[in-house]
Amino acid sequence: MYYNKLAAAGTRHPLPARREGFLALAAALVTVCLWASAFVGIRAASQQFSPEALALGRLTIASLALGLLVLARREPLPSRRDLPAIALIGVLWFALYNIALMEGEQRVDAGTAALLVSVGPILIPLLAGVFLREGFPPRLLLGSAVAFIGAVVIGGATSKHGLTPSLGLALCLGAALVYALAVVTQKPLLARVSALQITWLAATVGAIVCLPFAGLLLGQLPHAHASVIGWMAYLALGPMALGFLTWGYALSRTTAGRMGSTTYLIPPIAILLGWLLLGEVPPALAFVGGALCLAGVAIARSRGRA
């Protein structure tokens, strides 16, 4: 009674239930903090890099760094049956999501982009309930709804132009959709393939997909300031390499729906980081939205009595 059911959780080593739950929650929190910091880094790096060049640069750096780690650990490659799903994650999440989100953020303000991308965590429990048979736990649905309302409040408080039909709106919604599809694709893989292998191979596939933008990167790189190149490296090694490793660790130990709800912590953390690092003072209403996001995540991750 001290151990989780490994098959259900997708774990490989038996750990005391409390310790394993704590480690999974810690990994999830590391992920959301790193992904929230990516919004600050993207704003800094986008001053001199186009979205396509930035995507190729960070994917290449992440692929090389993770590849060295794979060599050091001497992990075996996944089986052939898992490679198509990993390639799909690389195309959807590592390539299309990054390009669509960064292109969309250039056409809508940050608040509107954050609001639109927050549709993704709503789609994850719905898709997981259908395709992964995770069901539709009432607490998860209620918590996700509360957190989404919080994201709407934050988006409304920080949005400058509101929601109007545009290419930017379509790109951000498309990013949310491919993100949700990628999470649902990744979850069953983690029962057989390590998070390191999935992240490395997906980043490599994403870099290959972005190779047509090599000319843009090579043309912009010589003119970029060292600090901007540093932000690109940080985006590759922090939010992408480490962030996806901790995400995979946490996702393998909980449901896709609960992990998706945790990402609603990203908007309030991103606002806090923008305030501390860039001096972007958030409106008062954004704090109300942040409180709703925190409450919603707490509800979604809580467990009722059986």
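Residues numbered from 1 in each chain as written. Predicted model: local features only at pLDDT ≥ 70, side-chain atom pairs only at ≥ 80, totals over all residues. Heavy atoms only, no water.

K.L.:
Kindly report on the overall build of the protein chain, identifying the contributing residues and their values.
P.N.:
Scanning the protein chain for helices and strands turns up 14 helices and zero strands. The order of helices and strands in the protein chain, counted from the N terminus, is α-α-α-α-α-α-α-α-α-α-α-α-α-α. In the protein chain, 89% of the contacts between residues at least 6 apart in sequence involve partners at least 24 apart. Summing over all exposed atoms, the protein chain offers an accessible surface of approximately 14400 Å²; the carbon and sulfur share of this is 71%. (Helix = DSSP H or I, 4+ residues; strand = E, 2+ residues; numbered from the N terminus. Contact = heavy atoms within 4.5 Å. Areas by Shrake-Rupley, 256 points an atom, 1.4 Å probe, with all protein chains shown as cover.)

K.L.:
Tell me what's going on with the nonpolar core, and back it up with residues and numbers.
P.N.:
Grouped together as the largest cluster of nonpolar side chains are 73 residues, with contacts concentrated most on F49, W93, F94, Y97 and W247. For F49, the residues in contact, after removing those within four places along its chain, are L54, L217, Q220, L221, A224, V228, I229 and M232. (Core = buried A, V, L, I, M, F, W, Y, C linked by side-chain atoms within 4.5 Å. Buried < 20%, exposed > 50% of the residue type's maximum accessible area, 1.4 Å probe, protein only.)

K.L.:
Before we move on, can you summarise the packing of aromatic side chains with the specific residues and values?
P.N.:
Taken as a whole and judged by the stated rule, the model has 10 aromatic pairs. Both rings, one in W93 and one in Y179, keep their centres 5.6 Å apart while their planes meet at 55°; by these two values the pair is tilted. With W93 in helix α4 (residues 83-105) and Y179 in helix α8 (residues 167-189), this residue pair connects regions lying 86 residues apart in the sequence. There is no split in this pair, since W93 and Y179 are both buried. Aromatic pair W275 and F287: ring centres 5.7 Å apart, planes at 70°, arrangement edge-to-face. Taken together, the residues span a long stretch of sequence, with W275 in helix α13 (residues 266-278) and F287 in helix α14 (residues 284-301) at a distance of 12 residues. Note on W275: relative accessible area 36%, which makes it partly exposed. You can call F287 partly exposed: its relative accessible area is 47%. An aromatic cluster of three or more residues is present, and its members are W35, W93, F94, Y97, Y179, F244 and W247. The lysine or arginine in question, R253, covers the ring of Y249, its NZ or CZ lying 3.8 Å from the ring centre. (Phe/Tyr/Trp six-rings, centres within 6.5 Å; stacked < 30°, edge-to-face > 60°. Lys NZ or Arg CZ within 6 Å of the ring centre and 35° of its normal.)

K.L.:
How would you summarise the packing of helix α6 (residues 119-131) against α8 if you had to cite specific residues and measurements?
P.N.:
The interhelical angle for the contact between α6 and α8, taken along N-to-C directions, is 35°, at an axis separation of 8 Å. In this structure, α6 crosses over α8, and the sense of that crossing is right-handed. From α6, V119, G120, P121, L123, I124, L127, A128 and F131 reach across to α8, where they touch L173, A176, L177, Y179, A180, L181, V183 and V184. Of the residues belonging to the contact of α6 with α8, the class tally is 15 nonpolar, one polar and no charged. (Axes fitted to C-alpha atoms, helices over the stretch in contact; angles between N-to-C directions. Left-handed = near helix turned anticlockwise from the far one by under 90°. Nonpolar A, V, L, I, M, F, W, Y, C, P; charged D, E, K, R; others polar.)

K.L.:
Please set out unusual backbone geometry residue by residue, giving values where relevant.
P.N.:
In most cases, non-glycine residues show a negative phi, while peptide bonds are predominantly trans. One non-glycine residue, R74, adopts positive backbone phi at about 55°. Note on placement: R74 falls in the loop between α3 (51-73) and α4. Among the residues examined, R74 registers a relative accessible area of 75% and is labelled exposed. Positive phi is not limited to glycine here, since R133 has a value of about 55°.

K.L.:
Explain the side chain of R58 to me, and be specific about the residues and the numbers.
P.N.:
Here R58 is to be found in helix α3. For R58, a relative accessible area of 4% puts it in the buried group. Once residues within four sequence positions are removed from consideration, R58 is found in contact with I42, N98, M232, L235, A236, P239 and M240.

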